[in-house]
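Now for the letters of each chain:
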Amino acid sequence: MECTLCLRIHGRVQGVGYRDALRREALRRNLRGWVRNRRDGTVEALLQGDASSVQAVAAWARRGPPAANVERVDAQAASGELDRPYAGFDWLPTA
């Protein structure tokens, strides 16, 4: 079953390789979507693919790479313009 999930990761998640590590995890599980920094210091990601793989990467996001200190992860189903098909897993500019 396919699903699309939006994540907002809070904590020390910028400048610690978080986006690269999340992208590697997503690609390893054949997910599509994107990841980017936010000006407020959070990282935002959209994960699309098999529901079990999406949930596995969302669980990984709660830990992150070794240098990160994740305080919390807000997750919600994609809606509106975000709920569309994606190809590949991109690194988007800071928003």
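Coordinates for the structure precede this section.
Note that the coordinates shown come from a computational prediction; the quantities given were computed from them, not determined experimentally.

Asker: What is the right way to look at the state of the cysteines in this model?
Answerer: Formally, a disulfide is one covalent bond, and it connects the sulfur atom of one cysteine to the sulfur atom of another. Considering all chains together, one arrives at zero disulfides under this definition. C3 takes part in no disulfide bond, and the closest cysteine sulfur, belonging to C6, lies 11 Å away. Residue classification places C3 among the partly exposed positions, given a relative accessible area of 22%. Using a relative accessible area of 10% as the deciding quantity, one classes C6 as buried.

Asker: Looking at this model, I keep getting lost on helix α1 (residues 18–28). Mind explaining?
Answerer: Since the α-helix packs 3.6 residues into each turn, any two residues three or four apart lie on the same face. Of all the residues in α1, the buried ones are Y18, A21, L22, E25 and A26. Projected down its long axis, α1 carries its buried residues within an arc of 135°, all on one side. Exposed residues on α1 whose side chains face more than 90 degrees from its buried face are R24 and R28. Among the structural elements, β1 (2–12), β2 (32–37), β3 (43–50), α2 (51–61), β4 (69–77) and β5 (89–91) are those in contact with the buried residues of α1. Taken from the residues just after α1, N30 is the one with a positive phi, measuring 60°.

Asker: Honestly, the sheet that holds β3 in this entry has me stumped. Any pointers?
Answerer: The strands making up a sheet associate through hydrogen bonds between their backbones, and the pairing can be parallel or antiparallel. One open sheet accounts for five strands, arranged β4-β1-β3-β2-β5; its pairing is mixed. Each having just a single partner strand, β4 and β5 make up the two edges of the open sheet. Each strand axis lies, on average, 20° off the axis of its neighbour in the sheet, ignoring direction. Where α1 meets the sheet, it contacts β1, β2, β3, β4 and β5, and its direction lies at approximately 170° from that of β5. Packed on one face of the sheet, α2 meets β1, β3 and β4 and runs near 155° to β3.

About the criteria used
- Residues numbered from 1 in each chain as written.
- Predicted model: local features only at pLDDT ≥ 70, side-chain atom pairs only at ≥ 80, totals over all residues.
- Heavy atoms only, no water.
- Disulfide = S-S within 2.5 Å.
- Buried < 20%, exposed > 50% of the residue type's maximum accessible area, 1.4 Å probe, protein only.
- Helix = DSSP H or I, 4+ residues; strand = E, 2+ residues; numbered from the N terminus.
- Arc of directions from axis to C-beta.
- Contact = heavy atoms within 4.5 Å.
- Pairing = 2+ DSSP bridges.
- Axes fitted to C-alpha atoms, helices over the stretch in contact; angles between N-to-C directions.

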